[in-house]
Amino acid sequence: MTRILVVEDEAHLAEGLKFNLEAVGYSVDVSDDGESALERLSGAHGFDAVVLDVMLPGLSGFEVVSALRERGEFVPVLMLTARSRPEDVLQGFEAGADDYLPKPFELAILEARLRGLLRRREWSRGEQGVPKPLATVEFGGRTIDFEAMELRAGDRKTRLTTMEADLLRYLIEREGRVVARKTILTELWGLHEDTDTRAIDNFIVRLRRYLEDVPSRPKHLLTVRGVGYKFVSAADNG
Ligand code: CA
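Enquirer: Please give an account of the overall build of the chain that cites residues and values.
Expert: A count of helices and strands for the chain gives eight helices and twelve strands. Relative to its length of 238 residues, the chain is compact, with a C-alpha radius of gyration of 18 Å against a globular reference of 18 Å. Taken along the three principal axes of its C-alpha coordinates, the chain extends 60 × 40 × 30 Å. In the chain, which comprises 238 residues, the proportion classed as buried is 49%. Of all intrachain contacts in the chain linking residues separated by at least 6 positions in sequence, the fraction that spans at least 24 positions is 55%. When the accessible surface of the chain is summed, it comes to about 11500 Å², and 48% of that surface belongs to carbon and sulfur atoms. If the 33 positive side-chain charges of the chain are averaged to one point and the 41 negative ones to another, these points end up 6 Å apart.

This is the structure we're talking about:
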């Protein structure tokens, strides 16, 4: 049975989520703060996904997800954010959340997002009967395996978050074309075009650390000043 950990301090909401997710066949546990969630998610915890509220007593949802990622836990995290604060979404991505849903949300949407996260996890495990739409890309001595969400350079392996992998794939699929920051915000992330674009720049900085021999002099993930970014696989652009 697929196990979900719901981290939410508002008891009525947590219980509602538990009831409804159990009704569609998940096994659901509830934590009402970040500390206990981190405890339950340590070691061989057996959870397949986490639904994590941003607003929690003590540790925030952001702190919980970044603590998880820091200790190498890559359980998929769906973050519940406040609709009025797009910066929450960006902060969540940067902390290592895989997806987000602004509150209040339709339960059907939450279930669809969860299924998406779980499906992706199944691809990465290579389970039978699950289609594999994502590819492997090689360039500059690196291999990006979008199924395993992993980047390999020689013996070194780096695990990509869903957001990192999605942004990278988005740029790679448009190789040689300039992709505007606003396009990334609106088309890839579903945010309003007036959202602060600095989050994208932070992602690019991180991806360059993985992809570039000299991150300060990128040859693959290029900045197009004032507009956005462009991916090129061949490192012949000076
Ligand atoms: Ca809350």
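Enquirer: Before we move on, can you summarise the coordination of the calcium ion with the specific residues and values?
Expert: Coordination of the calcium ion by the protein comes from Glu8 (OE), Asp9 (OD), Glu10 (OE), Asp53 (OD) and Met55 (O), over a distance range of 2.1 to 3.1 Å. We note that the donor set of the calcium ion lies within a single chain, spaced as E-D-E-x42-D-x1-M. For Glu8, a relative accessible area of 1% translates into the label buried.

Enquirer: Could you give an account of the sheet that holds strand β10 (residues 179-180), naming the residues involved and the relevant values?
Expert: Taken in spatial order, the three strands make up an open sheet running β10-β12-β11, and their pairing is antiparallel. Taken across any chain shown, the strands that pair with only one partner, and hence form the sheet edges, are β10 and β11 (221-224). Sheet topology places β10 next to strand β12 (residues 228-231); two bridges connect them, and they run antiparallel. Residue pairing for β12: Val179 is matched across the bridge by Tyr229. Seen against the sheet, helix α8 (residues 198-211) touches β11 and β12 and runs at an angle of roughly 145 degrees to β11.

Enquirer: Describe the pairing of β11, with residues and values.
Expert: Pairing of β11 with β12 involves four bridges; the strand directions are antiparallel. Looking at β12, one finds that Leu222 is bridged to Lys230. What sits between the antiparallel neighbours β11 and β12 is a turn of three residues, in which Gly226 has the positive phi angle 80 degrees.

Enquirer: Let's hear about the domain arrangement of the chain: which residues, and what values?
Expert: Examined at the domain level, the chain breaks down into domain 1 (3-125) and domain 2 (136-231). Centre-to-centre separation of domain 1 and domain 2, based on C-alpha positions: 24 Å. Carbon and sulfur atoms supply 62% of the area buried between domain 1 and domain 2, which totals about 1400 Å² over both sides. For the interface between domain 1 and domain 2, the tally reads zero salt bridges. Ranked by residue count, the leading element in the side of domain 1 that touches domain 2 is helix α4 (residues 86-95), at five residues. For the side of domain 1 that touches domain 2, the class distribution of residues is eight nonpolar, two polar and three charged.

Criteria and thresholds
Residues numbered from 1 in each chain as written. Predicted model: local features only at pLDDT ≥ 70, side-chain atom pairs only at ≥ 80, totals over all residues. Heavy atoms only, no water. Helix = DSSP H or I, 4+ residues; strand = E, 2+ residues; numbered from the N terminus. Rg over C-alpha atoms; globule rule 2.2 N^0.38 Å. Buried < 20%, exposed > 50% of the residue type's maximum accessible area, 1.4 Å probe, protein only. Contact = heavy atoms within 4.5 Å. Areas by Shrake-Rupley, 256 points an atom, 1.4 Å probe, with all protein chains shown as cover. Lys, Arg positive; Asp, Glu negative; His and termini not counted. Charge placed at Lys NZ, Arg CZ, Asp CG, Glu CD. Donors = N, O, S within 2.8 Å, 3.2 Å for Na, K, Ca; no water. Pairing = 2+ DSSP bridges. Axes fitted to C-alpha atoms, helices over the stretch in contact; angles between N-to-C directions. Domains from an automatic or database assignment. Buried area = accessible area lost by both parts, 1.4 Å probe. Salt bridge = Lys/Arg side-chain N within 4 Å of Asp/Glu carboxyl O. Nonpolar A, V, L, I, M, F, W, Y, C, P; charged D, E, K, R; others polar.

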